[in-house]
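So you can see what is in the structure, the chains are spelled out below.
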Amino acid sequence: MFANIIVDITHEKLDKIFQYKVPSRLEGELCVGMEVAVPFGRGNRRTKGYVIGFCETCDYDLSKVKEVEDVSRKGIAIEGKLVALAAWMKEHYGGAMIQALKTVLPIKQKEREKVRKKIRLLLSEEEGRERLSFYLEKNQRARARLLSALLDDNVLDYELVNKKLNITLSVVRALEEQGILALESERVFRNPVHLQFQERGQEGAARGGNQEGAAQGCHKKESFHFTDEQCTAIEIFWQDYEEGRYGTYLLHGVTGSGKTEVYIEMIRRVVAGGRQAIVLIPEIALTFQTVMRFYRCFGERVSIMHSRLSAGERYDQMMRAKEGEIDVMIGPRSALFTPFNDLGLVVIDEEHENTYKSEQVPRYHARETAVARADMEGASVVLGSATPSLEAMYRARRGEYKLLELRRRSMRQEMADVHVVDLREELKNGNRSILSGKLVELMENRLQKKEQTMLFLNRRGYAGFVSCRECGHVIKCPHCDVSLSSHKGGKLVCHYCGHEETRPTVCPECGSRHVGEFRAGTQQIEEIVKARFPMARVLRMDMDTTREKDGHEKILAAFANEEADVLVGTQMIVKGHDFPNVTLVGILAADMSLYGDDYRCGERTFQLLVQAAGRAGRGNKPGEAVIQTYSPEHYAIETAARQDYAAFYEEEIRYRMLMGYPPVENLLAVLISCEDEALLGKGCHYLKEYALRICKNRNESGTKIEVIGPASPGIGKINDIFRKVLYLKSEKYDTLIVVKNWLEQYIELNRGFDKMRIQFDFNPMNTI
Ligand code: ADP
Ligand code: ZN
Ligand code: ZN
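All of these numbers come straight from a predicted model, not from anything done at the bench. Within any chain, residue numbers begin from 1 and follow the written order of that chain's sequence. Chains and ligands are labelled by the order in which they are written, letters from A for the one and numbers from 1 for the other. Note on the predicted model: pLDDT of at least 70 is required for a residue's local features to be given, and 80 or more for side-chain atom pairs to be given and counted; whole-chain, interface and lining totals, by contrast, use all residues. To obtain the side-chain values, all non-hydrogen atoms of the structure were included, while hydrogens and water were left out.

(A) Looking closely at the site of ligand 1. We define proximity as follows: a residue is near a molecule or strand when any one of its heavy atoms falls within 4 Å of that partner. Contacts to ligand 1 come from 16 residues, most closely from His225, Gln230, Lys259, Thr260 and Arg293. Think of a polar contact as two N or O atoms within 3.5 Å of one another; within protein, one of them needs to be a possible hydrogen donor and the other a possible acceptor, and neighboring residues in sequence only count if both atoms come from side chains. Within the side chain of Gln230, one N or O atom sits 2.8 Å away from a nitrogen atom of ligand 1. In isolation ligand 1 exposes 560 Å². Once the protein is present, 78% of that is buried. Along the lines of polarity and charge, the residues of the shell around ligand 1 split into four nonpolar, nine polar and three charged. What sets the accessible areas is the Shrake-Rupley method with a 1.4 Å probe; for residues, cover comes only from the shown protein chains. Lys, Arg, Asp and Glu make up the charged group, whereas Ala, Val, Leu, Ile, Met, Phe, Trp, Tyr, Cys and Pro make up the nonpolar group; the residues left over, Gly among them, are polar.

(B) The coordination of the zinc ion (ligand 3), seen in detail. The protein atoms that coordinate the zinc ion (ligand 3) are Cys477 (SG), Cys480 (SG), Cys494 (SG) and Cys497 (SG), at distances spanning 2.3 to 2.4 Å. For the zinc ion (ligand 3), the donor residues sit on a single chain with the sequence spacing C-x2-C-x13-C-x2-C. Taken together, the positions of Cys477 in the loop between β18 (466–468) and β19 (485–487) and Cys497 in the loop between β20 (491–493) and β21 (500–502) put the pair 20 residues apart, joining distant regions of the chain. Exposure classes here rest on a 1.4 Å probe applied to the protein chains alone. A residue is buried below 20% of its type maximum, exposed above 50%, and partly exposed in between. A relative accessible area of 4% means that Cys477 is categorised as buried. Counted as donors are the N, O and S atoms within 2.8 Å of the metal, or 3.2 Å for Na, K and Ca, while water is not among the atoms, so some sites may look incomplete. The helix count covers DSSP runs of H or I at least four residues long, the strand count covers runs of E at least two residues long, and both are numbered beginning at the N terminus.

(C) Structural context of the nonpolar core. Nine residue types can take part in a nonpolar core, namely buried Ala, Val, Leu, Ile, Met, Phe, Trp, Tyr and Cys, and a core is a set of them joined through side-chain atoms within 4.5 Å. Membership of the largest hydrophobic core comes to 139 residues, with the highest contact counts inside it found for Leu101, Val670, Leu687, Leu728 and Leu743. Top contributing element to this core by residue count: helix α1 (residues 78–93), with nine residues. In this structure, Tyr249, Leu251, Tyr263 and Val328 belong to the second largest nonpolar core, which totals 34 residues.

(D) Representation of the packing of α1 against helix α23 (residues 733–749) within the structure. As a packed pair, α1 and α23 sit with axes 8 Å apart at the nearest point and diverge in direction by 85°. Viewed along their axes, α1 and α23 adopt a mutual orientation that is roughly perpendicular. Only Tyr733, Ile737, Lys740, Asn741 and Glu744 of α23 make contact with α1, whose side of the interface consists of Lys90, Glu91, His92 and Tyr93. Classifying every residue of the contact of α1 with α23 by side-chain character gives three nonpolar, two polar and four charged. To obtain each axis, a line is fitted to C-alpha atoms, and for helices this fit is confined to the stretch in contact; angles are then taken between N-to-C directions over 0 to 180 degrees. The labels follow the angle: roughly parallel below 35 degrees, roughly antiparallel above 145, roughly perpendicular from 65 to 115, and oblique for the rest. Contact definition: two residues touch when any of their heavy atoms are within 4.5 Å.

(E) Looking closely at the sheet that holds strand β12 (residues 328–331). At least two DSSP bridges between two strands are required for those strands to pair. The seven strands lie next to each other as β11-β12-β10-β13-β14-β9-β15, forming an open sheet whose pairing is parallel. In the strand order of this sheet, the two ends are held by β11 (302–304) and β15 (402–406), each with one partner. Put simply, the sheet's adjacent strands are angled 15° from each other on average, direction ignored. Pairing analysis gives four bridges linking strand β10 (residues 276–280) to β12, with the strands arranged parallel. Among the inter-strand pairings, Ala277 is bridged to a residue of β12, identified as Val328.

(F) Summary view of the side chain of Thr248. You can see Thr248 is positioned in strand β9 (residues 248–253). Beyond its immediate stretch of four places on either side in the chain, Thr248 contacts Val371, Val381, Leu383, Glu400, Tyr401 and Lys402.

(G) Local environment of the coordination of the zinc ion (ligand 2). Note on the zinc ion (ligand 2): its protein donors are Cys468 (SG), Cys471 (SG), Cys507 (SG) and Cys510 (SG). The metal-donor distances range over 2.3 to 2.4 Å. Considering all four donor atoms around the zinc ion (ligand 2), angles at the metal cover 107 to 112° and the coordination shape is tetrahedral. Geometry is assigned from the angles between donors: four donors with all angles from 85 to 135 degrees make a tetrahedral site, four or six donors whose opposite pairs exceed 155 degrees while the rest stay between 65 and 115 make square planar or octahedral sites respectively, and everything else is labelled irregular.

(H) View of the sheet that holds strand β17 (residues 452–456). On the basis of which strands lie adjacent, the open sheet formed by six strands has the order β16-β26-β25-β17-β24-β23 and parallel pairing. Both edges of this open sheet fall to β16 (417–422) and β23 (538–541), since each of them pairs with a single strand only. Neighbouring strand axes in the sheet, compared pairwise and without regard to direction, differ in orientation by 15° on average. The pairing of β17 with strand β25 (residues 582–587) spans five bridges and is parallel. Pairing of Met454 across the sheet is with Val585, part of β25. Strands in contact with helix α19 (residues 601–614) are β16, β17, β25 and β26 (624–629); relative to β25, the strand with the most contacts, it is inclined by about 155°.

No statement about biological role is implied by the geometric values presented.
Written as structure tokens, this is what we have:
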């Protein structure tokens, strides 16, 4: 038996994996993640390492392979736990161990060591003066300059000495040797919360905001009482927690029902017990407002991570966590790997968001990975959403998660009034504009009242489905029940099974000639709005207008300051900021997300519509929403208009069951890409043949696996690299893991695949 061991986990050199013999006395005791002592290098220096896996064969000269000396029996350190988590991720999501390790371990970037060097005077004033006159006498100017500066200021920044006083390191070293000064280095950790608070705090004060921001403990709760529903949720969680029954909870509550207050209270109790908490939020929701709510409760003991921090700053935050300087880490998906020594709770807010799924290998989902980490470390997980993912609700219904519900808004505001407009009727009445009569009427009314409107186009990148503007019929795949996508040359293609047909010129349902691709852009809409309401001030937010740094924030801030009457944008305007003066939300073409090319589009549409409608009437004025669609009878639209999650779930899970889609069954996408199209075709063929062979054996032993495709994914070619995708479907996730392992081995052993890149994606969420 051999163990694969990494010796240095803080460096990018991580990819060096060493093999050691496992002596028989340690067999059975060693497991992945364990800290071991191994002889290392020429001198066989006793060195610390971590076990990342085992194998029965060794790739090196057996006589040269050394033996593991010992295991650490102090209990598993945080690094070991993260290594074990990486092993779990490799197994569940595919890819190499090294990729998993790089995902979970805080890795120091070589180039950016953030230390501040300081120079401290060691002499007394008197001794210093004496020395100074000596240097002046000898005409040692540089030394004199340095010493005289130190006499003014006993501690100096090296950087400053070097640049401003023009003194070289050798001069400093010389004085150091003579015992005149000491050169010290100090690790500097920056606290991004603090910085953000200082920058914005002043703004807040200028606007008359309150100044209670500093750490004062959790006194704030005096200002309100938890509702009965909030109390129940907190107590159910807490009773389990206190008795050591750690588990996963799904907190389902409409926006404004007080979920965030519930998280804060749960975390407060966990932290008071001496353990730490991680709060995951979608990047876009990581606003100043959110961070401040945590800062008010946990003060300096909370830190944040986000994509605008440099690699060095992120590393610093990780080290602060490891060294026990903070209790709460807030951040997007990657914050899940914060190296807390005694993690007690992971909160995942807006759990249904697709940003929780990584788009890089390993393509992990933060929800599942959080549950795995919590399981290994004896912690709980709380998932929160107003529109839970089908996965989370399915598991809650089956008893795997505990369901906690908040049915009412904490401040008892009314939900928005939702109108559904049938665009087919608009066409019949001669209105060809993207703005329906109802929407125009309500917008006029808002402009008069000086209230704000948000217009929202839920488009997804390239989605090009074909539909009939008269009857609303959409052309779908006869096998997969997803919309066909329009490709070049008048072809319609299914992105799952590869089914193709020619694009019809008349509607197969009603014979109308108004069939075509559904396309509209935010820029076009901005122009239409400006033409229709010349007096209105219009802002637009999309990929184009947010490209510059902070572009996003700037537009939202301008809108929040009421510098515009109308904000037009893609789904990015739906989340994050609260706009109390927005009382009207228009969803211009609900069909754009409804007829995407994958099985999740009904769910995504429901979530977007409910969240968009939730934007209207956040302040004390009541809100209205208008949903425009060619399919008003579609269950995702009907249930969203009523904000009826339960009814939506029933319909949606029935569809998933019928078609065998997740979460009822599991889907493994094998994405194959290659520069050579012919070679790619061949590779797909062999992979499919091999998969069919494995599946045949499995099917005979009773486990059903289906092989679908290969198909061209949504984007068939990126940077001249061709792509294909093969799907495997099975009821059991574990079965798919076994198949993945076989495929990985097959790919590794066959040189034919060398020129191809093959990636696995379990239960894919984003467009492949
Ligand atoms: P969610 O996270 O579900 O959207 P929040 O926790 O942000 O809801 O709560 C919405 C608003 O209601 C916040 O301003 C919050 O401080 C306030 N709030 C929450 N719970 C209560 C309560 N029990 N009484 C009064 N106000 C509350
Ligand atoms: Zn038709
Ligand atoms: Zn199909």
